[in-house]
Amino acid sequence: PDDAATGSTGGSETTETITVGFAQTGAESGWRSANTESMQNAFSEENGFELVFNAADNDPAAQISAVRNFINQGVDAIVIAPVVEDGWDDVLKEAQDAGIPVILEDRTVTAPDDLYAAWVGLDFKAEGVKAGEWAVQEFGDEPTNMVVLEGTTGSAPANDRAEGFSEAIAGSAIETIDSQSGDFTRDGGKSVMEGYIANYGIEGIDLVYAHNDDMGLGAIEAIEAAGGTPGEDIKIVTIDAVKDGMQALVDGKINFIVECNPMLGEKAAELVKAVLNGDDVEKVQFVEDQSFTQEQAAEVIDSRPY
Ligand code: AHR
């Protein structure tokens, strides 16, 4: 870290400004905006950081080249929210060779874990399991036609939420009649849902499992535009619990939400400081998630920060 003189008191007090390159996925969802804000607040000048921010518009190649730029700039540490799981080995090795520690936040990678210092995030598979358990409880043994709005193809949350949900519904009468990516965006969810409605009709679909709130909100728009009543004609379960999603749950348009906590900034900033300090840190750090029924959402919606 660079030494930087502080204040105008003329005293001898100095602080070390830590330069951190943060490679964010993009700005695809309400969750992502809340996560970016949490990171920017935690990696603030007041906390001793200079943050070099890059958002890759969900393009894995652009994100890898942003990380290479951080390496060339000689930042003190790099934080990455990886768009996809695969393809990280080379650039992580380059960071390691340059002596720059990497901390992952939010999403995971398939690269060997000695190529990064630590990861902080959510248990995406457990989120999928909770969503699936709700579906089984809701539909019981009733034959159920489900369509899935998947997150970004190849991303850890899309992979793990699919796996967790499938495990939870195994042996039930819930059948996946279609599953496509809506890329974690509201527009993506809307257009994939329009296609499902065109193919199966409102009456041919009982349940939507959306890998995030934004795609669920897009599905609501598509169902309403086709004359259906979301939450009644077609039930909807989503993951995230951002404000707009929680409002739709309170309004009865979404039926159940599993939380994915975006407030990872403080934990990531602590990890960067600890790693640069040479402290031993836990490699894998899970943050707690909850889940919400309509009644539970109504109780907490006003007190939630995002
Ligand atoms: O990686 C977390 C996921 O990414 C969130 O569920 C989703 O909304 C976001 O875009």
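Since this is a predicted model, take the numbers as computed values, not measurements. (Residues numbered from 1 in each chain as written. Predicted model: local features only at pLDDT ≥ 70, side-chain atom pairs only at ≥ 80, totals over all residues. Heavy atoms only, no water.)

### Re the site of the ligand
- By nearness alone, every residue bordering the ligand is listed as Glu28, Ser29, Trp31, Arg32, Asp106, Arg107, Phe124, Pro157, Arg161, Phe184, Asn212 and Asp240.
- One of the side-chain nitrogen or oxygen atoms of Asp106 is found 2.7 Å away from an oxygen atom of the ligand.
- Within the contact set of the ligand, an oxygen atom lies 2.6 Å away from a side-chain nitrogen or oxygen of Asp240.
- Relative to its free-state accessible area of 280 Å², the ligand is covered by the protein chains to the extent of 100%.
- Sorting the residues of the shell around the ligand by element identifies helix 1 (30-42) and helix 5 (156-169) as the ones contributing at least two each.
- Of the residues contributing to the shell around the ligand, the split by class is four nonpolar, two polar and six charged. (Near = heavy atom within 4 Å. Polar contact = N/O pair within 3.5 Å; in protein donor to acceptor, adjacent residues only side chain to side chain. Areas by Shrake-Rupley, 256 points an atom, 1.4 Å probe, with all protein chains shown as cover. Helix = DSSP H or I, 4+ residues; strand = E, 2+ residues; numbered from the N terminus. Nonpolar A, V, L, I, M, F, W, Y, C, P; charged D, E, K, R; others polar.)

### Side note on the pairing of strand 7 (residues 144-150)
- Taking burial as the measure, the seven residues of strand 7 include five buried ones, the bulk of the element.
- Note: strand 7 against strand 8 (residues 174-181), seven bridges, orientation parallel. Across the sheet, the residue bridging to Val147 is Asp178, located in strand 8.
- Handedness of the crossover joining strand 7 and strand 8 through helix 5: right-handed.
- As paired elements, strand 7 and strand 9 (residues 207-210) share four bridges and run parallel to each other. Bridging from a neighbouring strand, Val148 pairs with Tyr209 of strand 9. (Buried < 20%, exposed > 50% of the residue type's maximum accessible area, 1.4 Å probe, protein only. Pairing = 2+ DSSP bridges. Right-handed = clockwise from strand over helix to strand, strands pointing away.)

### A look at the sheet that holds strand 9
- Here we have six strands laid out as an open sheet, ordered 8-7-9-10-11-13, and mixed in their pairing. Because the sheet does not close on itself, it has two edges, and the strands there are strand 8 and strand 13 (291-292).
- Here strand 9 runs beside strand 10 (residues 235-240); their pairing, made up of three bridges, is parallel. What sits directly across from Leu207, in strand 10, is Lys235.
- Against the sheet, helix 4 (residues 124-139) touches strand 7, strand 8, strand 9, strand 10, strand 11 (256-259) and strand 13, its axis set at about 160 degrees to strand 10. (Contact = heavy atoms within 4.5 Å. Axes fitted to C-alpha atoms, helices over the stretch in contact; angles between N-to-C directions.)

### Quick word on the pairing of strand 6 (residues 118-121)
- The alternating pattern of strand 6 places Ala118 and Val120 and Trp119 and Gly121 on opposite faces, both of which are buried.
- Note: strand 5 (residues 102-106) against strand 6, four bridges, orientation parallel. Looking at strand 6, one finds that Glu105 is bridged to Val120.

### Notes on the nonpolar core
- Ranked by internal contacts, the top residues of the largest apolar core, which has 28 residues, are Leu149, Met193, Val208 and Met246.
- Broken down by secondary-structure element, the contributors of at least two residues to this core are strand 7, helix 6 (186-200), strand 9, helix 7 (213-225) and helix 8 (243-250).
- Among the elements that take part in this core, helix 7 stands out by supplying six residues, more than any other.
- With near-sequence residues (within four places) excluded, Leu149 lies in contact with Gln180, Gly189, Val192, Met193, Tyr196, Val208, Tyr209, Ala210, His211, Met215 and Ala219.
- Met146, Tyr209, Phe256 and Val258 belong to the second-largest nonpolar core, a separate cluster that totals 24 residues. (Core = buried A, V, L, I, M, F, W, Y, C linked by side-chain atoms within 4.5 Å.)

### Remarks on the pattern of salt bridges
- Under the defined criterion, the tally for this structure stands at 16 salt bridges.
- With a closest N to O distance of 2.9 Å, Glu167 and Lys125 form a salt bridge. Of this pair, Glu167 sits in helix 5 while Lys125 sits in helix 4, and the two are 42 residues apart along the sequence.
- For Glu138, the salt bridge identified is with Lys235, shortest N-O distance 3.0 Å. Residue Glu138 is found in helix 4, and its partner Lys235 is found in strand 10; the two are separated by 97 residues along the sequence.
- Classification of Lys235 by relative accessible area gives partly exposed; the value is 22%.
- Salt bridges sharing common partners tie together Glu28, Arg32, Asp106 and Arg107. (Salt bridge = Lys/Arg side-chain N within 4 Å of Asp/Glu carboxyl O.)

### Description of helix 3 (residues 89-97)
- For helix 3, the complete set of buried residues consists of Val91, Leu92 and Ala95. Viewed along the axis of helix 3, the buried residues span an arc of 100 degrees, placing them on a single side of the element. Set apart from the buried face of helix 3 by more than 90 degrees, the exposed residues are Asp90 and Asp97.
- Looking at the buried positions of helix 3, the neighbouring elements they touch are helix 2 (60-73), strand 4 (77-80) and strand 5. (Arc of directions from axis to C-beta.)

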